[in-house]
Amino acid sequence: MQLLVNLTSKAWSLKILAQLHAGLPGRQAPLIAATGASRSSFAASLDLLIQLGLIERNPGHGHPLRPEFRLTENGKVAAAMASRIEEIVPNEDAFAILRRSWTVPILAVTGTPSRFSAIKSGLGPVTDRALSKSLGVLEEKEWLRRDIDLSQRTPFPIYHAVNAGLEINQVISAGGF
């Protein structure tokens, strides 16, 4: 889970991986054009992917000022997952929600109905405010359903991935994250 949280902490990481998986050349200019990211956001996401060991400089290829990057073995697995997620959410408006830090990790832990506290403990460093806001956005997008469990003396909300959110959950689960 920590790898998934780290991976999605930068807005364009999933999009970069999906583009590399699709066969786009691993140079900055084509990747920036394909993702629509700003140079600074793109650079931060690219640096993160290098730190996580998902991409590396292609030795012997590219100019020193215009390096070429390629997927590592772990990167190929993550890129396949990112590509499948991109297929589920093909339009840019919906993909903008995936660029938010906690969206994908929340969907990863809500494959079964879960309480707020269980989701929070599954994610690690998320704040109550960030989690609450993300849950609201996902519920509004209808990727997450909020139900009230009345089986206990004190009713409590439970959250469960639905529609595209459930499909994303299944892709993440199948990818081994």
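A brief look at the structure comes next. The numbering scheme is per chain: residues are counted from 1 as the chain's sequence reads. The predicted nature of this model means local features are confined to residues of pLDDT at least 70 and side-chain atom pairs, given and counted, to a pLDDT of 80 or more, with totals for whole chains, interfaces and linings taken over all residues. Heavy atoms throughout the structure, all of them, feed into the side-chain values; hydrogens and water do not.

1. What about the nonpolar core?
1) Next: By nonpolar core is meant a set of buried Ala, Val, Leu, Ile, Met, Phe, Trp, Tyr and Cys residues that side-chain atoms within 4.5 Å join together. Buried, partly exposed and exposed residues are distinguished by accessible area as a fraction of the type maximum, computed with a 1.4 Å probe on protein chains only: under 20%, between the cut-offs, and over 50%, respectively. Core analysis: the largest hydrophobic core is formed by 49 residues, its most contacted members being Leu17 and Trp143.
2) Next: When neighbours within four sequence positions are excluded, Leu17 is seen to be in contact with Leu7, Leu49, Leu54, Ile55, Leu71, Gly75, Ala78, Ala79 and Ala82. Here a residue-residue contact requires only that any non-hydrogen atoms of the pair lie within 4.5 Å.

2. Some details on the side chain of Thr103
1) Next: In this description a helix means any DSSP run of H or I spanning at least four residues, a strand means any run of E spanning at least two, and both kinds are numbered starting from the N terminus. One can find Thr103 in helix 7 (residues 103-109).
2) Next: We call two N or O atoms a polar contact when they sit within 3.5 Å, provided that within protein one can donate a hydrogen and the other can accept it, with sequence-adjacent residues counted only if both atoms are side-chain atoms. Of the polar contacts made by the side chain of Thr103, one reaches the backbone oxygen of Ile97; its length is 2.8 Å.

3. Points about the side chain of Ser45
1) Next: Within the element layout of this structure, Ser45 appears in helix 4 (residues 39-51).
2) Next: A distance of 3.2 Å separates a polar atom in the side chain of Ser45 from the backbone nitrogen of Trp12.
3) Next: Once you skip the residues sitting within four places of it in the chain, Ser45 turns out to touch Lys10, Ala11, Trp12, Ser13 and Ile16.

4. Considerations on the pattern of salt bridges
1) Next: Whenever a carboxyl oxygen of Asp or Glu lies within 4 Å of a side-chain nitrogen of Lys or Arg, that contact is scored as a salt bridge. Inspection of the entire model under this criterion finds eight salt bridges.
2) Next: Among the ionic pairs, Glu68 bridges to Arg27, the shortest N-O distance being 3.7 Å. Here Glu68, found in strand 2 (residues 66-71), pairs with Arg27, found in the loop between helix 2 (13-21) and helix 3 (28-35); they are 41 residues apart in sequence, far enough to count as distant.
3) Next: Accessibility expressed as a relative area gives 34% for Arg27, which makes it partly exposed.
4) Next: One salt-bridge network, in which partners are shared between bridges, spans Lys15, Glu86, Glu92 and Arg99.

5. Describing empty space enclosed by the protein
1) Next: Of the two site types, the cavity is a set of points on a 1 Å grid over the protein atoms alone where a 1.4 Å probe fits but cannot get out, and the pocket is an open set with protein on both sides within 12 Å along at least five of seven lines, each lined by residues with an atom within 4 Å of a point. Grid points are joined across faces, edges and corners, and a volume is the space filled by probe spheres set on the points. Tallied over the entire structure, the rule returns one cavity of 30 Å³ or more.
2) Next: Size it by volume and the largest cavity reaches roughly 40 Å³.
3) Next: Within the residue set of the lining of the largest cavity, elements represented by two or more residues are helix 2 and helix 6 (92-98).
4) Next: Residue classes in the lining of the largest cavity are distributed as four nonpolar, two polar and two charged. Side-chain classes are defined by residue name, with Ala, Val, Leu, Ile, Met, Phe, Trp, Tyr, Cys and Pro counting as nonpolar, Asp, Glu, Lys and Arg as charged, and the others, Gly among them, as polar.

That is the geometry; function is a separate question.
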